[in-house]
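Residue-level listing of the chains:
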Amino acid sequence: MTATTPTLTVADVTVTTDAAGRLYAVIPNTVARLLAIAAREGINPNARGIDFQSVAHPANSWAATTVRTIFEAILAARPDEANNVCSGLGLYRRYGGGTFYGFICGEGAWDADARWWRDYDNTHDLRIRGTATIAASDRGHLAGTCAF
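Residues numbered from 1 in each chain as written. Predicted model: local features only at pLDDT ≥ 70, side-chain atom pairs only at ≥ 80, totals over all residues. Heavy atoms only, no water.

Undergrad: Would you take a moment to explain the sheet that holds strand S8 (residues 133-134) for this structure?
TA: Across the sheet, which stays open at both edges, the 3 strands sit in the order S3-S8-S9 with antiparallel pairing between neighbours. Two strands bound the open sheet, and with one partner strand each, they are strand S3 (98-99) and strand S9 (146-147). Strand direction decides the pairing type here: S8 and S9, joined by 2 bridges, are antiparallel. Opposite Thr133, over in S9, you have Ala147 as the bridge partner. (Pairing = 2+ DSSP bridges. Helix = DSSP H or I, 4+ residues; strand = E, 2+ residues; numbered from the N terminus.)

Written out as structure tokens, the structure reads:
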């Protein structure tokens, strides 16, 4: 990423739920578009099946830093998640690595009033696919890396 790459802060992240109680992190569209690209990096677009994971973005990369900011925002808004080791964020708080099992999307893809997707078919560029993961500190050379 370049010097003009947007920086995400905890204050930029809106933590909410849909009508079924599933957790969402809603971020600015400019950040969401770049994170969506990072989440698809290394995935064969013609692959079929269920086991897809992006490349491991380095621990000091923009993608990893952005995901850690999202994790911190969720934990600030939902401190109970830090005590839940079944939750990927509980593991993140305890071991420095974990997975967010909710959804991340740009504000243009989320209807806050309806608590549901806005124009789902036309906002692919604002939806981050997969589950954002930070590798735990015990993962050696992968520690702190980010994958989706």
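Undergrad: Just checking my understanding: could you explain the packing of aromatic side chains for this structure?
TA: Two descriptors summarise a pair of aromatic rings, namely the distance from one centre to the other and the angle between the planes of the rings. Applying the stated criterion to the full structure yields 7 aromatic pairs. Seen from their ring centres, Phe71 and Tyr92 are 4.9 Å apart, and the 80 degrees between their planes marks the pair as edge-to-face. Of this pair, Phe71 sits in helix H2 (residues 62-77) while Tyr92 is found in helix H3 (residues 88-95), placing the two residues 21 residues apart along the sequence. Each member of the pair Phe71 and Tyr92 is classed as buried. Aromatic pair Trp117 and Tyr120: ring centres 5.6 Å apart, planes at 70 degrees, arrangement edge-to-face. According to the relative accessible area criterion, Trp117 is buried, its value standing at 14%. An aromatic cluster is present here, built from Tyr24, Phe103, Trp110, Trp117 and Tyr120 joined pairwise through their rings. Over the face of the ring belonging to Trp117 we find Arg127, whose NZ or CZ atom lies 5.8 Å from the ring centre. (Phe/Tyr/Trp six-rings, centres within 6.5 Å; stacked < 30°, edge-to-face > 60°. Buried < 20%, exposed > 50% of the residue type's maximum accessible area, 1.4 Å probe, protein only. Lys NZ or Arg CZ within 6 Å of the ring centre and 35° of its normal.)

Undergrad: I would appreciate a short explanation of the nonpolar core in the present structure.
TA: In terms of nonpolar packing, the biggest core is built from 37 residues, with Ile27, Leu35, Ile70, Ile104, Ile128 and Phe148 touching the most fellow members. Listed by contribution, the elements that provide at least two residues to this core are strand S2 (23-27), helix H1 (29-40), H2, H3 and strand S4 (103-106). For Ile104, the residues in contact, after removing those within four places along its chain, are Ala25, Ile27, Leu35, Ile70, Leu126, Arg127, Ile128 and Ala132. (Core = buried A, V, L, I, M, F, W, Y, C linked by side-chain atoms within 4.5 Å. Contact = heavy atoms within 4.5 Å.)

That is the geometry; function is a separate question.
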